[in-house]
Amino acid sequence: MASKEPPLEGIRVVELAGLAPGPFASLLLTDYGASVLRVDRVHSDAHTSRPPPPTSDLLARRKSSIALDLKSPAAITLLKDVLKHVDVLIEPFRPGVLEALGLHPHLLLAANPRLVIARLTGFRRDGKYNDMAGHDINYLAVSGVLSQLGRKEGPPYPPANILADFAGGGLMCAFGIIMALLRRASTGKGQVVESNMVDGSAYLASSMRLGLKTPIWDQPRGENLLDGGCPFYDVYACKEGGYMAVGALEPKFYEKLIRGLGLEGSSCTRQQLDRQSWPEMRENFRERFLRKTRQEWEQIFDGTDACCTPVKGQDELEQQGYEQRPAVGLSASPSLDVPRDQAWQSKRLAPGHGGEDLLQTWLGWKKDKNYIVQQGGLVKIDRPKL
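As annotated in an unreviewed UniProt entry, the protein is Alpha-methylacyl-CoA racemase from Heterodermia speciosa.

If you want it as structure tokens, here you go:
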């Protein structure tokens, strides 16, 4: 029986080190078989027998690192030579930075026509805010998505940095890379993938935006069906702490919720979608959930279609031995497993760790023959051709 190789086996990726979205994009690729080389800033102890401390990047699983001073022409020469032999470059800089380094995409594609160059910015590269610094909350703000998130009578509230950084940024960037690789399979040509967290987040919120003109999202923030305005799509505190999440939208599921809560015959059995009844319904739910512990409610609703589940904490899942799995399963070309010891604790990567071995694997390069270590980073040795 033929072995089942991951779908990106043999794909070489260079990741220019950045914050969460870029590392997440390359993490997705490496979990599905790609080989990833991260380019870090120089460090006096990089590429020595006394490696420097790991960087703050928590998403370094299966990656290797080299340290380069991107202001050094010899280091840029080395990077250009590496990029002639790889499949993907992930670049997280502000507009104009890559070009200023002498790494303009058209030059890189001329040297390696099969290269996929993924450029990931926060704001639109050609938009009003393109030269400004920002974070997840800022990208959500100008995309229109943040305005729809939050409770009634409160300010908009961001969902940590999951939506713009990781979903609208890293995930969408990886999606673009996969599409470019798919296209390359038929044309033999790489291309530039332009991604930004504003457009990525706005695209993820397509249904929310389109729903503004429908009964699902046509009310002010916090008063709609899915944003905390609806009592049968909300979170309730339990006796002695803990919460239960309720998502009983459909009538048949709502009926099972009412039965599990013991509210048959109460005012909650009136027309479910009558908004006038929602305040009283919410108060009935709130009072009823406080009568029992979360564990008791779990036992009541376990195995039912009431759409009522416990809100579990990450520490709780860790204690229960929750298995972290890759994003999607593929039957013929599965992803690599997430090591159990890395499911809850990151295996961070120090600048220079493993990178020289990967350069030898990829290109056959060796220290003092093809490159040297200079002031905490690698530089290319230019040897005259005989």
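### Let's talk about the nonpolar core
One finds V14, L68 and L79 to be the most contacted residues of the largest nonpolar core, which totals 28 residues. Secondary-structure elements contributing two or more residues to this core are β1 (12-16), β2 (35-40), α2 (73-83), α13 (355-363) and β11 (377-380). Residue contributions to this core peak at six residues, all from α2. Leaving out residues up to four positions away in the same chain, L79 has contacts with V14, L16, V39, L68, L70 and L103. Of all hydrophobic cores here, the second largest spans 23 residues; its members include Y254, L263, W297 and C308.

### A closer look at the layout of surface pockets
In this structure, the largest pocket encloses a volume near 1700 Å³. Taken together, 49 residues make up the lining of the largest pocket; nearest its centre are A20, P23, D57, L58 and L59. Looking at the lining of the largest pocket, the elements with two or more residues in it are β1, α1 (21-31), β2, α6 (162-187) and α12 (314-319). Considering each element in turn, the lining of the largest pocket owes the most residues, five residues, to α1. By residue class, the composition of the lining of the largest pocket is 29 nonpolar, nine polar and eleven charged.

### What to know about the pattern of salt bridges
Here the idea is simple: oppositely charged side chains can pair when their charged atoms come close. Going through the model one piece at a time under the given rule, you end up with 22 salt bridges. As a salt-bridge pair, D31 and R61 come within 2.6 Å of each other at their nearest N and O atoms. Taken together, the positions of D31 in helix α1 and R61 in the loop between β2 and β3 (64-67) put the pair 30 residues apart, joining distant regions of the chain. Notably, a salt bridge pairs D45 with R50, separated by 3.1 Å at the nearest N-O pair. In this structure R50 comes out as exposed when scored by relative accessible area, which is 53%.

### Regarding the sheet that holds strand β7 (residues 233-237)
The antiparallel open sheet is built from three strands, whose spatial order is β7-β8-β9. Unpaired on one side and paired on the other, β7 and β9 (308-310) mark the two borders of the sheet. Here the strands of the sheet are splayed against their neighbours by 25° on average, with no regard to which way each runs.

### Looking at the sheet that holds strand β6 (residues 192-196)
One open sheet holds the six strands; their spatial order is β3-β2-β1-β4-β5-β6, and the pairing between them is parallel. Among the strands making up the open sheet, the edge pair consists of β3 and β6. Neighbour-to-neighbour, the strand axes of this sheet turn through a mean angle of 20°, independent of strand direction. Across four bridges, strand β4 (residues 88-91) lies against strand β5 (residues 116-121) in parallel orientation. Its bridge partner being in β5, E91 is matched across the sheet by R119.

### Regarding the pairing of β11
Side-chain alternation along β11 places G377 and V379 on one buried face and L378 and K380 on a second face that is also buried. As judged from the four bridges shared by strand β10 (residues 371-374) and β11, these two strands associate in the antiparallel manner. The partner of Q374 across the bridge, within β11, is G377. Taking the residues between adjacent antiparallel strands as the criterion, β10 and β11 are bridged by two residues, where Q375 takes a positive phi near 50°.

Cut-offs and rules
- Residues numbered from 1 in each chain as written.
- Predicted model: local features only at pLDDT ≥ 70, side-chain atom pairs only at ≥ 80, totals over all residues.
- Heavy atoms only, no water.
- Core = buried A, V, L, I, M, F, W, Y, C linked by side-chain atoms within 4.5 Å.
- Buried < 20%, exposed > 50% of the residue type's maximum accessible area, 1.4 Å probe, protein only.
- Helix = DSSP H or I, 4+ residues; strand = E, 2+ residues; numbered from the N terminus.
- Contact = heavy atoms within 4.5 Å.
- 1 Å grid on protein atoms, 1.4 Å probe; cavity = no way out; pocket = protein on both sides within 12 Å on 5 of 7 lines; lining within 4 Å.
- Points joined across faces, edges and corners; volume = space filled by probe spheres on them.
- Nonpolar A, V, L, I, M, F, W, Y, C, P; charged D, E, K, R; others polar.
- Salt bridge = Lys/Arg side-chain N within 4 Å of Asp/Glu carboxyl O.
- Pairing = 2+ DSSP bridges.
- Axes fitted to C-alpha atoms, helices over the stretch in contact; angles between N-to-C directions.

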